[in-house]
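Structural description and commentary
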Amino acid sequence: MSSQDSSDGQQCPLVVVGETGFQVSDEVYTVTIGATVPTGFENTAAEEVQEKIGANAKISKDRGRIYFQITTDKLSQVHHLRSVDNLFVVVEEYDNYQFKDSKEETLEDLQKLASKLPWSDALKVWNMNTTLKKKRGPHRQPQGPRGRGRGKANKVTLETDTMQTETIETDTVVTDTVVTDTVETDAIDTVETLTTQEEELELEAPTADQGEGAGGVRTPALEILGEQQEVPGQELGAKVLKFRVTCNRAGDKHSFSSNEAARDFGGAVQELFQWKADMTKFDIEVLLNIHNVEMVIGIALTEESLHRRNITHFGPTTLRSTLCYGMLRLCKPQASDVILDPMCGTGAIPLEGAIEWQQAFYLAGDNNDMAVSRTVNNICHIQKKRRDKGSISGLPIDTVQWDLCHLPMRTSSVDIIITDMPFGKRMGSRKNNWDLYPSCLKEMARVTRPGSGKAVILTQDKKCFQKAISRMGGLWRKHHTVWVNVGGLHAGVFLLKRTLGIFGQIAEDSREGKESKPHEEKPGEERKKE
Amino acid sequence: MCICILYLNVLSRISGSQATEVKVSEVEFNPNFVSRMIPKLEWSALVQAADGLGHLQDLPTELIADYEANEDFLRKVHRVLLEVEVLEGCLQCPESGREFPITRGVPNMLLNEEEA
């Protein structure tokens, strides 16, 4: 890859002009955008980029990143992508960076590198992006006493793993595609509060499933304490920007740690621009991504991951929306498809579908009271958001409380089943799965249309699942599997096709292997037959 | 819970014995969706359900021919299918008489121990 920039050698601190600090030009030029996506769904994301932006995406295999080029006039479009977690603009890419053998020399190199990089185009893009977000904010929210576009305070109730209820007051500002939303707290995730220079107050939970890739270590930037200095030529009143450096490093042969790289590179960046380092309240996040001999320096365009965009009422195992999107894309919903999630939890998957593929109809169901309640709340929240934006709020989705082994659905009435099956770690148990999976799959086979029906199932208990499927060859056929990373666990998304076999007439669907026992007719079950 | 679910569901009667709360909300009209959905419906069940809720209006009791091109008709179906919602009420199985309550728009279809 070549350098993006026709650098005019802007090496010294950029002249700070105006509020955000950089001169904005009207010229259109091409930049490279990087996006992190759920590992395993790189192809899906690339498809979406092709479809919505018309750009060819390059995939960093297995590392949850894709890259594509756009012209700067199309910048706002990248925020409409639903398969990406985070976006950044590339400053420079190195295919084969020669790291020196010793730590001292390598770090010194990194320091020297800072002033040689073609920052200006990327910074202009960052600036453009910041302006874009500001434009979106104030239109959506009523003006509050605290200044531009602060939203109303909302009280949101969070429910945790231990079923304790915690009430937090938040300000939420709703922008075009990014929902600044509250976050679950449970034993595994931690809550980090970020305040940016803009109006939004956001809560973000960095989770293990950030899709960072094999062996990458995400470290917070080291805060460099120092005196804030006035920039020569800085206009009075113009504020000094705050920044941080985030380094992800993966590879065996490096002599340094990501902390050290972030620290030293960050130091050089600070010298160069005279920005102030701040780990939590930063304007600019500089990314230093190192994977063996590949190195990418970028500037973040998203403040918090887009992955939780639809969900405000979390449960203990809520799937991120980008993963939901990826799964839905796999099954390609068509007009009038009836799509069922029999274990919907908080409703993340069907809700994403109802928003993005409105030509289908979604049924979200769960047996658990809390899950049903959260699903309803999440749907209501989205509908309200849409109303506030002036759109038609209704969505093609319904919620039912049901037993997934006794679905109140007519045989062969469902086109697609899409769900996240219990992993046995955060919910349910391995032992239960041995019983649960076969019963689920049978009932799902009953309601799904033979021949054209499909199922997209996410599960971490791959062994149990594969075994259950192998015993159901008469009803389900494995079509494709995507290996993903969910909450640090390796899981599989299995795409299954429903065979032409009629339920009730195929040997493989007999219960619990007791082939001889005839299926007992009970009053409740009789009505399930066509 | 909107009526759309009903035709898929084995239960086709909304019980009038319980207090019923119905809401009509706006959902984007998609003629393609509606015309492809119609063959999947049990038309009489749909009519009956709409009627039971007092929202039959001028929906024909018999399915008309060539509905694909009839936008007027499709809009009527769209309304009943997606926009009329039961918030509180009851679904009743026409065979067993078993009632399933609907709360906050969500029908509870869980079976008891004996029924399962």
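Note that this is a predicted model, so its numbers are computed, not measured. (Residues numbered from 1 in each chain as written. Chains lettered and ligands numbered in written order. Predicted model: local features only at pLDDT ≥ 70, side-chain atom pairs only at ≥ 80, totals over all residues. Heavy atoms only, no water.)

Glancing now at the overall build of chain A. Assigned secondary structure in chain A consists of 10 helices and 20 strands. Counting every position in chain A, which comprises 530 residues, the buried fraction comes to 58%. Here the analysis covers contacts within chain A between residues at least 6 apart in sequence; of these, 75% occur between residues at least 24 apart. A total of about 22,200 Å² of accessible surface is found on chain A, and carbon and sulfur atoms cover 49% of it. (Helix = DSSP H or I, 4+ residues; strand = E, 2+ residues; numbered from the N terminus. Buried < 20%, exposed > 50% of the residue type's maximum accessible area, 1.4 Å probe, protein only. Contact = heavy atoms within 4.5 Å. Areas by Shrake-Rupley, 256 points an atom, 1.4 Å probe, with all protein chains shown as cover.)

All names here are of chain A. Relative to each other, helix α1 (residues 42–52) and helix α5 (residues 321–331) sit at 80 degrees, their axes nearing to 10 Å. Between α1 and α5, the angle is such that the two are roughly perpendicular. Across the interface between the two elements, T44, E47, E48, E51 and K52 of α1 pack against Y325, G326 and R329 of α5. Residue classes in the contact of α1 with α5 are distributed as 1 nonpolar, 2 polar and 5 charged. (Axes fitted to C-alpha atoms, helices over the stretch in contact; angles between N-to-C directions. Parallel < 35°, antiparallel > 145°, perpendicular 65-115°, else oblique. Nonpolar A, V, L, I, M, F, W, Y, C, P; charged D, E, K, R; others polar.)

Now for the packing of aromatic side chains. In this description, a pair of aromatic rings is defined by centroid distance and the angle of the planes. All names here are of chain A. Counting across every chain of the model gives 13 aromatic pairs over all chains. Relative to F494, the ring of F465 lies with its centre 4.6 Å away and its plane at 35 degrees, an arrangement referred to as tilted. Taken together, the positions of F465 in helix α9 (residues 462–470) and F494 in strand β20 (residues 489–498) put the pair 29 residues apart, joining distant regions of the chain. When its relative accessible area of 0% is taken as the criterion, F465 is described as buried. When the centroid spacing of 5.9 Å and the interplanar angle of 80 degrees are considered together, the rings of W483 and F494 count as edge-to-face. Of this pair, W483 sits in strand β19 (residues 476–486) while F494 is found in strand β20, placing the two residues 11 residues apart along the sequence. Overall, F494 belongs to the buried group, its relative accessible area being 0%. Here the aromatic cluster, defined as three or more aromatic residues joined through ring pairs, consists of Y94, Y97, F99 and F256. (Phe/Tyr/Trp six-rings, centres within 6.5 Å; stacked < 30°, edge-to-face > 60°.)

What follows concerns the side chain of R329 of chain A. All names here are of chain A. With respect to the element layout, R329 can be found in helix α5. With relative accessibility at 9%, the residue R329 sits in the buried group. A distance of 3.4 Å separates the side chain of R329 from the side chain of E47, its partner in a polar contact. (Polar contact = N/O pair within 3.5 Å; in protein donor to acceptor, adjacent residues only side chain to side chain.)

With that settled, the discussion passes to the confidence of the model for chain B. All names here are of chain B. Averaged over chain B, the pLDDT score is 79; the fraction of residues at 70 or greater is 79%. For residues 1–13, every residue scores under 50 in pLDDT, and the model assigns this stretch 68 contacts once sequence neighbours within four places are set aside. If you check the scores for this complex, the pTM reads 0.72 and the ipTM reads 0.88. (pLDDT = per-residue confidence, 0-100.)

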